[in-house]
Protein chains: 2
Amino acid sequence: MEEYDIIVIGGGPAGLSAGLYAARANKRTLILDKPEEGALKKVEVLDNYLGFPDGITGKELLELGRRQVERFGAKVVEEEAIAIKPAEDGRYVVETPEGSYSCEGIIIATGVKRERPRVKNLEKFEGRGVSFCVTCDGFFFREAKVGVLGNRDYAAKEALELLNYTSKITLFTNGKELEVREALRKKLEESGIEVVKEEIEELLGEETLEGVKLRSGEVRELKGLFVAVGTSGATDFARTLGIAVEGSAIVVDKNQSTGVPRVYAAGDCTGGNRQVAVAVGEGANAAINLISELKGAKHVDYH
Amino acid sequence: MEEYDIIVIGGGPAGLSAGLYAARANKRTLILDKPEEGALKKVEVLDNYLGFPDGITGKELLELGRRQVERFGAKVVEEEAIAIKPAEDGRYVVETPEGSYSCEGIIIATGVKRERPRVKNLEKFEGRGVSFCVTCDGFFFREAKVGVLGNRDYAAKEALELLNYTSKITLFTNGKELEVREALRKKLEESGIEVVKEEIEELLGEETLEGVKLRSGEVRELKGLFVAVGTSGATDFARTLGIAVEGSAIVVDKNQSTGVPRVYAAGDCTGGNRQVAVAVGEGANAAINLISELKGAKHVDYH
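By convention here, each chain's residues receive numbers from 1 onward along its written sequence. To label them, take the chains in the order written and letter them from A, then take the ligands in the order written and number them from 1. Local features in this predicted model are restricted to residues of pLDDT 70 or higher, and side-chain atom pairs are both shown and tallied only at a pLDDT of 80 or more, whereas totals for entire chains, interfaces and linings draw on every residue. Only hydrogens and water are set aside; all other atoms, that is, all heavy atoms of the structure, feed into the side-chain values.

1. Things to note about the sheet that holds strand β6 (residues 92-96) of chain A
Sheets are built from strands paired through backbone hydrogen bonds, the pairs being either parallel or antiparallel.
Residue and element names in this part refer to chain A.
Then step 1. Judged by pairing direction, the sheet is mixed, and its 4 strands sit side by side in the order β1-β7-β6-β5 without closing on themselves. Among the strands making up the open sheet, the edge pair consists of β1 (2-3) and β5 (83-86).
Then step 2. DSSP-based pairing: two strands are paired if at least 2 bridges between them are found. Helical segments are the DSSP runs of H or I of at least four residues, strand segments are the runs of E of at least two, and each set is numbered from the N terminus. Two elements, β6 and strand β7 (residues 99-103), share 5 bridges in a ladder whose sense is antiparallel. What sits directly across from Glu95, in β7, is Ser100.

Shown next, in the form of structure tokens:
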């Protein structure tokens, strides 16, 4: 079995940043990058990650990051981690469909799966009007007609956040009842955001999104549609290791520790603001603090 | 008085990342960048910030970041914030030697002052063998003879961290007694790290550091010297606003909130791992969560 000091599960921004710190500290580092597409790969313009004033595509940033980790000796393989098992000697074994790897410490950075509601043409317009994050993309829709797709708190929050950019906002519950807590419901009512409960038949447009067609045939013009139906996290690893989970997020402390010896987590899978900048910072913290735990120095407070 | 929505105090990586998010959310944003040199400006090779596989200088990253925030409409002025005062209408007034600015929310990202012990030629070799961070620069001194300058826990921790890179480590207390807690003292003894208590006369070298000369005239060959004499933080703002301070760090919660309404802090001034990646992530979080508080939505938990 191949032996490593640190295995990072996930090759997105959190995983690459963690792997970079681990490799740079001379730890034998393996990054397991699920061959399926991550959320960042589809981002056409990332311009809120400091250092790229003209923006960069998600794919480009991932390629730069991969070159960077490999420069310091990390190994990246496109295999999906399917199980983490504690070994008798205190180490961990990570299994993939291709084989098993042994390591001393683990950083979970799997990201989150984005639930995609079944709406015709939704994938077609992803990055061309369809977005999953108001904080990321709201800026591109200033003064434009936009919609939010969802019926729960998260959708209401995204709709309210859009008020920073435009007042022409419609919340589409797509045939569902609005299930929003009282405080948010009140804010929604006061905001003037229209709520449409009718089901969506399909998204319309040529190159980019131009509108939605409702079941009744009615067409609503839209330049942007923010999908906010919540996330279903890949928290299976957490459960098998006895790590606490809240909703779809792995619970970590401020050091990114899961509380399980030498197992840390970083990035979107730990909840919070789902931003590249945040993921990169958390990945760095996870690796630094894991390395410190590997040295056995963890419980010394230096500050 | 010029009015802003958000004022960011500090133009380092945390402040620029915060300003970027604030400006991109259409908030009128002012960044006060102290005209004196920040820690990052002197970094010759930054290669652990994801996205720059060939490394970048600290100065270059700061210039890119500045272009980026200005692209989204943030205003950067080179003035030092000297006081923050709550106004009667719930807003804040930030004073500089040049004037006063009013704002609704504040992000403190002042970094920390690095205490420089008075050792001859220390500044001359900064970035040329003299470093302030093992996590950042230890990699460049693999298998080399290195020293750590300091006599407290932080110095002991830096020396122990160097074991990831080399075994030829000397801890110079520069005439002081070793004041290290028991657990660390034991680790130090077991590690084989030599402790030299004699005062340092001067640092030696031509272009780069080559060694130190002790008071007795003895010369010790060194390729690197890590200064670890602790930090004295700029926590005066915190104290005037009633924000909790621990050591030299401003205390924040996981949202980067100080607990004082609409006052957040990010980066080195909040303690933790002093890394560009961490600062950029914390700056993003501070801005996102402050913007959310400005909208009055703070106490709604969306996860």
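Still more to cover.
2. Quick word on the relation of the copies chain A and chain B
The operation relating the two chain copies consists of a rotation about an axis and a shift along that axis.
Then step 1. All copies are superposed by least squares; the fitting set is the C-alpha atoms of residues with a pLDDT of at least 70 in both. Rotating chain A by 180° and translating it 0.0 Å along the rotation axis places it on chain B, where the RMSD comes to 0.0 Å. Considering both components of the superposition, the chain copies are consistent with a two-fold axis. Residues of chain A ranked by C-alpha distance from the rotation axis are headed by Gly281 of chain A, positioned 2.4 Å from it.
Then step 2. Comparing interface residues between copies, 100% of those in chain A also lie at the interface in chain B; the contact surface is shared. Only heavy atoms enter the contact rule, under which two residues are in contact if any of them lie within 4.5 Å.

3. Section: the pairing of strand β5 (residues 83-86) of chain B
Residues and elements named next belong to chain B.
Then step 1. Judged from the 4 bridges that link them, β5 and strand β6 (residues 92-96) form a sheet pairing that is antiparallel. Bridge pairing in β6 links Pro86 to Tyr92.
Then step 2. Remark: 5 residues form the turn of the hairpin made by β5 and β6, two consecutive strands paired antiparallel; Gly90 in that turn has positive phi of roughly 90°.

4. Some words on the sheet that holds strand β13 (residues 194-196) of chain B
Residue and element names in this part refer to chain B.
Then step 1. Judged by pairing direction, the sheet is parallel, and its 5 strands sit side by side in the order β10-β17-β11-β12-β13 without closing on themselves. Sheet topology places β10 (130-131) and β13 at the edges, where each strand pairs with a single neighbour.
Then step 2. Pairing analysis gives 2 bridges linking β10 to strand β17 (residues 224-227), with the strands arranged parallel. Paired with Val130 across the bridge in β17 is Leu225.
Then step 3. The sheet contacts of helix α4 (residues 153-162) involve β11 (146-149), β12 (169-172) and β17, and relative to β11 the element is tilted by about 165°. In this description, a line fitted to the C-alpha atoms serves as the axis of each element, helices being fitted only across the stretch in contact, and the angle between N-to-C directions of two axes falls anywhere from 0 to 180 degrees.

5. Notes on unusual backbone geometry
Residue and element names in this part refer to chain B.
Then step 1. In this model, Gln256 sits at a positive phi of 75°, which is unusual for a non-glycine residue.
Then step 2. Residue placement: Gln256 occurs in the loop between β20 (249-250) and β21 (263-265).
Then step 3. Only protein chains enter the accessibility calculation, which uses a 1.4 Å probe. A residue is then buried if its area is under 20% of the maximum for its type, exposed if over 50%, and partly exposed in between. Note on Gln256: relative accessible area 7%, which makes it buried.
Then step 4. Positive phi, close to 60°, is recorded for Arg262, a residue that is not glycine.
Then step 5. Here Arg262 is to be found in the loop between β20 and β21.

6. Brief notes about the nonpolar core
Then step 1. Remark: nonpolar core denotes a set of buried residues (Ala, Val, Leu, Ile, Met, Phe, Trp, Tyr, Cys) joined through side-chain atoms within 4.5 Å. Grouped together as the largest cluster of nonpolar side chains are 121 residues, with contacts concentrated most on Tyr49 and Ile107 of chain A together with Tyr49 and Ile107 of chain B.
Then step 2. Once you skip the residues sitting within four places of it in the chain, Tyr49 of chain A turns out to touch Leu61, Val276, Ala277 and Val280 of chain A together with Leu20, Tyr49, Leu50 and Gln68 of chain B.

7. Concerning the packing of helix α1 (residues 13-24) of chain B against helix α2 (residues 58-71) of chain B
Residue and element names in this part refer to chain B.
Then step 1. At a closest axis distance of 9 Å, the pairing of α1 and α2 adopts a crossing angle of 20°. What the angle tells us is that α1 and α2 run roughly parallel. Read as a crossing pair, α1 and α2 show a hand that is left-handed. Contacts from Pro13, Leu16, Gly19, Leu20 and Ala23 in α1 reach Leu62, Gly65, Arg66, Gln68 and Val69 in α2.
Then step 2. Side-chain classes follow a simple rule in which Ala, Val, Leu, Ile, Met, Phe, Trp, Tyr, Cys and Pro form the nonpolar group, Asp, Glu, Lys and Arg form the charged group, and the remainder, Gly included, forms the polar group. Tallied by class, the residues present in the contact of α1 with α2 amount to 6 nonpolar, 3 polar and 1 charged. Orientation labels follow simple angle bins: below 35 degrees gives roughly parallel, above 145 gives roughly antiparallel, 65 to 115 gives roughly perpendicular, and whatever is left gives oblique. Two helices cross in a left-handed way if the nearer one is turned anticlockwise from the farther one by less than a right angle. They cross in a right-handed way if the turn is clockwise.

8. As for the confidence of the model for chain A
Residue and element names in this part refer to chain A.
Then step 1. The predictor reports its confidence for every residue as pLDDT, a score running from 0 up to 100. The pLDDT averaged across chain A works out to 90; a share of 94% of its residues lies at or above 70.
Then step 2. Counting contacts from residues 297-303, a segment whose pLDDT is below 50, to residues more than four positions away or on other chains yields 15 contacts.
Then step 3. Scored by ipTM, the complex comes to 0.76, with pTM at 0.77.

9. Re the state of the cysteines
Residues and elements named next belong to chain A.
Then step 1. The definition used for a disulfide is geometric: two cysteine sulfur atoms within 2.5 Å. A complete count under the given rule lists 2 disulfides over all chains for this structure.
Then step 2. The disulfide partner of Cys133 is Cys136, and the S-S distance across this bridge is 2.2 Å. The disulfide joining Cys133 to Cys136 has a torsion of about 75° about its S-S bond and is therefore right-handed.
Then step 3. For Cys136, a relative accessible area of 19% puts it in the buried group.
Then step 4. The structure places no disulfide on Cys269, whose sulfur is separated from the nearest cysteine sulfur, that of Cys103, by 16 Å.
Then step 5. By relative accessible area, Cys269 is classed as buried at 1%.

10. As for the pattern of salt bridges
Then step 1. Counted as salt bridges are all cases of a side-chain nitrogen of Lys or Arg within 4 Å of a carboxyl oxygen of Asp or Glu. Taken as a whole, this structure holds 40 salt bridges over all chains when the rule is applied.
Then step 2. Ionic pairing is found between Asp5 of chain A and Arg28 of chain A, a salt bridge with its closest N-O pair at 3.0 Å. On the criterion of sequence distance, the pair formed by Asp5 of chain A in the loop between β1 and β2 (6-9) and Arg28 of chain A in the loop between α1 (13-24) and β3 (29-32) is long-range, its members being 23 residues apart.
Then step 3. When the shortest N-O distance is used, the salt bridge between Glu80 of chain B and Lys34 of chain B registers 3.6 Å. Of this pair, Glu80 of chain B sits in the loop between β4 (75-77) and β5 while Lys34 of chain B sits in the loop between β3 (29-32) and α2, and the two are 46 residues apart along the sequence.
Then step 4. With relative accessibility at 32%, the residue Glu80 of chain B sits in the partly exposed group.
Then step 5. Judged by its relative accessible area of 28%, Lys34 of chain B is partly exposed.
Then step 6. Through salt bridges that share partners, Arg24 and Arg71 of chain A together with Asp47 of chain B make up one connected network.

11. Let's talk about the side chain of Asn48 of chain B
Then step 1. Within the secondary structure, Asn48 of chain B is located in the loop between β3 and α2.
Then step 2. Pairs of N or O atoms are called polar contacts if they sit within 3.5 Å, as long as, within protein, a hydrogen donor faces a hydrogen acceptor (for residues adjacent in sequence, only side-chain-to-side-chain pairs). Polar side-chain contacts of Asn48 of chain B include one of 3.5 Å to the side chain of Tyr21 of chain A.
Then step 3. Not counting chain neighbours up to four residues away, the residues in contact with Asn48 of chain B comprise Leu20, Tyr21, Arg24 and Gln68 of chain A together with Thr135, Cys136 and Gln275 of chain B.

12. A short note on the interface of chain A and chain B
Then step 1. Listed per partner, the contact involves 59 residues of chain A and 59 residues of chain B.
Then step 2. Summing the contributions of chain A and of chain B, the shared interface buries around 5,500 Å²; its carbon and sulfur component is 54%.
Then step 3. The interface formed by chain A and chain B includes 6 salt bridges.
Then step 4. The shortest N-O distance in the salt bridge between Asp54 of chain A and Arg67 of chain B comes to 2.9 Å.
Then step 5. Taken together, the links from chain A to chain B amount to 34 residue pairs in polar contact (both at pLDDT 80 or more).
Then step 6. Sorting the residues of the side of chain A that touches chain B by element identifies α1, α2 (58-71), α3 (134-137), α4 (153-161), α5 (182-191) and α7 (276-294) of chain A as the ones contributing at least two each. Two parts placed together each lose some accessible area; with a 1.4 Å probe, that loss summed over both constitutes the buried area.

13. Focus on α1 of chain A
Residues and elements named next belong to chain A.
Then step 1. Expected span of a helix, by definition, is 1.5 Å for each gap between consecutive residues, and there is one gap fewer than residues. An ideal rise of 1.5 Å per residue puts 16 Å on 12 residues; α1 measures up with 16 Å between its terminal C-alpha atoms.
Then step 2. For α1, the buried fraction is high: 12 of the 12 residues fall into the buried class.
Then step 3. Among all positions in α1, only Pro13, Ala14, Gly15, Leu16, Ser17, Ala18, Gly19, Leu20, Tyr21, Ala22, Ala23 and Arg24 are buried.
Then step 4. Where α1 terminates, the next one or two residues include Asn26, which has phi positive at roughly 65°.

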